[in-house]
Amino acid sequence: MTISHQIQNIAGVLRIEYQGHFYAEDELREAIWLVNIELRNGLPKREKIEAKRQIEQYERLLDALRSAGT
């Protein structure tokens, strides 16, 4: 799956747009961390699948953001 995104340099910080919101690298890392906490605390099967999908999306965004920064 490809993610359509736009990368901007806002006040010297690279941010990536996803679903109408801009995320910096630290915000993506925090989002991944928070979803992982939810997974560890236990979720119903359907929510667990969605959480794993969400982590994968955030990781792809993080990779795209890192690639743009180099």
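Just so you know, these numbers come straight off a predicted model, no measurement behind them.

1. Some points on the overall build of the protein
Okay, so step 1: When helices and strands are counted, the protein shows two helices and three strands.
Okay, so step 2: Dimensions of the protein, computed from C-alpha atoms along their principal axes, come out at roughly 40 × 20 × 20 Å.
Okay, so step 3: Classification of the 70 residues of the protein by burial places 26% in the buried group.
Okay, so step 4: Sequence separation of 24 or more characterises 49% of the internal contacts of the protein that already satisfy a separation of 6 or more.
Okay, so step 5: Within the structure as shown, the protein displays about 5000 Å² of accessible surface, and the carbon and sulfur contribution to it stands at 49%.
Okay, so step 6: If you average the places of the 10 positive and of the 11 negative side-chain charges in the protein, the two averages end up 7 Å apart.

2. As for the confidence of the model for the protein
Okay, so step 1: For the protein, the average pLDDT comes to 89, and 93% of its residues sit at 70 or higher.
Okay, so step 2: For the protein, the element scoring lowest by mean pLDDT is strand 1 (residues 6-10), at 80; helix 1 (residues 25-41) scores highest, at 96.

3. With respect to unusual backbone geometry
Okay, so step 1: We note that Gln-19 has phi near 55°; this positive angle belongs to a residue other than glycine.
Okay, so step 2: For Gln-19, the location among the structural elements is in the loop between strand 2 (13-18) and strand 3 (21-24).
Okay, so step 3: Residue classification places Gln-19 among the exposed residues on the basis of a relative accessible area of 62%.

4. A look at the nonpolar core
Okay, so step 1: Counting residues in hydrophobic clusters, the biggest one holds 15 residues, and the most contacted among them are Ile-16, Leu-28, Tyr-58 and Leu-61.
Okay, so step 2: Among the elements of the structure, strand 2, helix 1 and helix 2 (45-69) are those that each provide at least two residues to this core.
Okay, so step 3: Element by element, the count of residues in this core is highest for helix 2, at seven residues.

5. Observations concerning helix 1
Every α-helix winds through 3.6 residues per turn, so residues three or four apart in the chain are directed the same way.
Okay, so step 1: Between its first and last C-alpha, helix 1 extends 25 Å over 17 residues, near the 24 Å set by a 1.5 Å rise per residue.
Okay, so step 2: Backbone geometry just after helix 1 places Gly-42 at a positive phi near 95°.

6. Details of helix 2
Okay, so step 1: Between its first and last C-alpha atoms helix 2 spans 36 Å; for 25 residues at 1.5 Å apiece the expected length is 36 Å, and the two agree.
Okay, so step 2: Along helix 2, the residues that are buried comprise Ala-51, Ile-55, Gln-57, Tyr-58, Leu-61, Leu-62, Ala-64 and Leu-65.

Rules and cut-offs
- The residue numbers shown here count from 1 along each chain, following its written sequence.
- Per-residue local features are limited, in this predicted model, to residues with pLDDT of at least 70; the limit for side-chain atom pairs, both in listing and counting, is 80 or more; totals at the level of whole chains, interfaces and linings are taken over all residues.
- The side-chain numbers reported here are obtained from all heavy atoms of the structure, hydrogens and water having been left aside.
- In DSSP terms, a helix is any run of H or I states spanning at least four residues, a strand is any run of E spanning at least two, and both are numbered starting from the N terminus.
- Only protein chains enter the calculation, and the probe is 1.4 Å; a residue is then buried if its accessible area is under 20% of its type maximum, exposed if over 50%, and partly exposed in between.
- Residue contacts are counted whenever heavy atoms from the two residues lie within 4.5 Å of one another.
- Each accessible area is a Shrake-Rupley result for a 1.4 Å probe, and residues are judged covered by the shown protein chains and nothing else.
- Counted as positive: Lys and Arg. Counted as negative: Asp and Glu. His and the chain ends are not counted at all.
- Where a charge lies is defined by one atom per residue type, namely NZ (Lys), CZ (Arg), CG (Asp) and CD (Glu).
- One number per residue, pLDDT, summarises how confident the predictor is, and it ranges from 0 to 100.
- Working definition of a nonpolar core: buried Ala, Val, Leu, Ile, Met, Phe, Trp, Tyr and Cys residues. They are joined through side-chain atoms within 4.5 Å.
- Helices are assigned an expected span. That span is 1.5 Å times one less than the residue count.

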